[in-house]
Amino acid sequence: MTFPTWAMAGFWGLVSGSALLLGAAIGYYAHVPQRLIAAIMAFGSGVLISTLSLELMEEAFEKGGFNATAIGFVSGALIFTLANWLLARHGAKHRKRSGHHQHVERKAVKAGKTENSEPGDDNSMAMAIGALLDGIPESIVIGLSLLAGGAVSTVAVVAIFMSNLPEGLSSAAGMKKAGRSARYVLLLWGSIALVSGVASLLGYTVFSNFSPQVVSATTAIAAGAILAMLADTMIPEAFAVAHNFTGLITVLGFLASFFLSKMVE
């Protein structure tokens, strides 16, 4: 039985997004050492850097040329940076941290000691929007990868799955220390996993009739947003705990993704 391409886009987006829920469950219920969490985040960062460098940017350049790729890449970084700055002002600055940062931040928001907060406020909505901000660009990439020839990019799916796992793991561990209930954490990340499937579906269906330049720019926007996310959230969290080993572990993640890309050629 052959499934329509749009259904495959949604399916693979859901598969990659499910790693967020899996990681969140592990992070909440298992006592994973912070050093191990940091190492996994560094490895996942390397995987994503390799994928956006060797897959996304190359694909964007081949389809739309340098101008569309460059404009999209910088625009994606600007969009993420602005959105991330706004979320930080509303109490979601440390949404990826596995330590007690989320607990301190949540207490500050409730006490009205942060910008744009009043006593009694909670940062639940900012946390949820932050999770969406981090996950949607990656999922759209999967849908866009199907536009090339009707087959999903295995490297993209594996890379996003491998990076989503530590994202969910680290964030859920921090949420637990901040006093979040298991219901809140699992519903949040379960919802993001579903949205990942929808985002991948939209990435295919919405852009299937657009010009190569538009697809190129959109792919580059996603790549720019992903790289900005790595620099602003995942790598700092990894370095805060793994310290001098962060670079080495990130390189190993890059190499693993590079090897995978060559194996599927």
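Since the structure is predicted, the reported quantities are computational estimates derived from the model, not experimental observations.

Across its full length, the protein chain holds eight helices and zero strands. Along the protein chain, helices (α) and strands (β) appear in the sequence α-α-α-α-α-α-α-α when read from the amino end. When the 265 residues of the protein chain are sorted by exposure, 48% land in the buried category. Considering only intrachain contacts with a sequence separation of at least 6, the fraction spanning at least 24 residues in the protein chain is 85%.

This paragraph deals with the packing of helix H2 (residues 34-89) against helix H5 (residues 154-177). Between two packed helices, both the angle of their axes relative to each other and the distance between the axes serve to describe the pair. Where H2 meets H5, the closest approach of the two axes is 9 Å, and the angle between their N-to-C directions is 150°. By crossing handedness, the relation of H2 to H5 is classed as left-handed. Counting all contacts with H2, which are made through Gln-34, Ile-37, Ile-40, Met-41, Phe-43, Gly-44, Val-47, Leu-48, Thr-51 and Glu-55, the residues of H5 involved are Val-155, Ala-156, Ala-159, Ile-160, Met-162, Ser-163, Pro-166, Leu-169, Ser-170, Ala-173 and Lys-177.

This brings us to helix H7 (residues 212-242). Maximal helix bending in H7 amounts to about 45°, located at Leu-230. At the exit of H7 stands His-243, carrying a positive phi of roughly 55°.

The feature "transmembrane region" (unreviewed entry), as annotated in UniProt, sits at residues 6-29, 36-54, 66-87, 140-162, 182-207, 214-235 and 241-260 in this numbering. Regarding residues 66-87, the helix share stands at 100% and the strand share at 0%, and the terminal C-alpha atoms are separated by 31 Å. Helix makes up 92% of residues 182-207 and strand makes up 0%, while its end C-alpha atoms are separated by 37 Å.

About the cut-offs
- Residues numbered from 1 in each chain as written.
- Predicted model: local features only at pLDDT ≥ 70, side-chain atom pairs only at ≥ 80, totals over all residues.
- Heavy atoms only, no water.
- Helix = DSSP H or I, 4+ residues; strand = E, 2+ residues; numbered from the N terminus.
- Buried < 20%, exposed > 50% of the residue type's maximum accessible area, 1.4 Å probe, protein only.
- Contact = heavy atoms within 4.5 Å.
- Axes fitted to C-alpha atoms, helices over the stretch in contact; angles between N-to-C directions.
- Left-handed = near helix turned anticlockwise from the far one by under 90°.
- Bend = angle between axes of the 7 residues up to and from the residue.
- UniProt positions renumbered as here; feature names shortened; annotations may be inferred.

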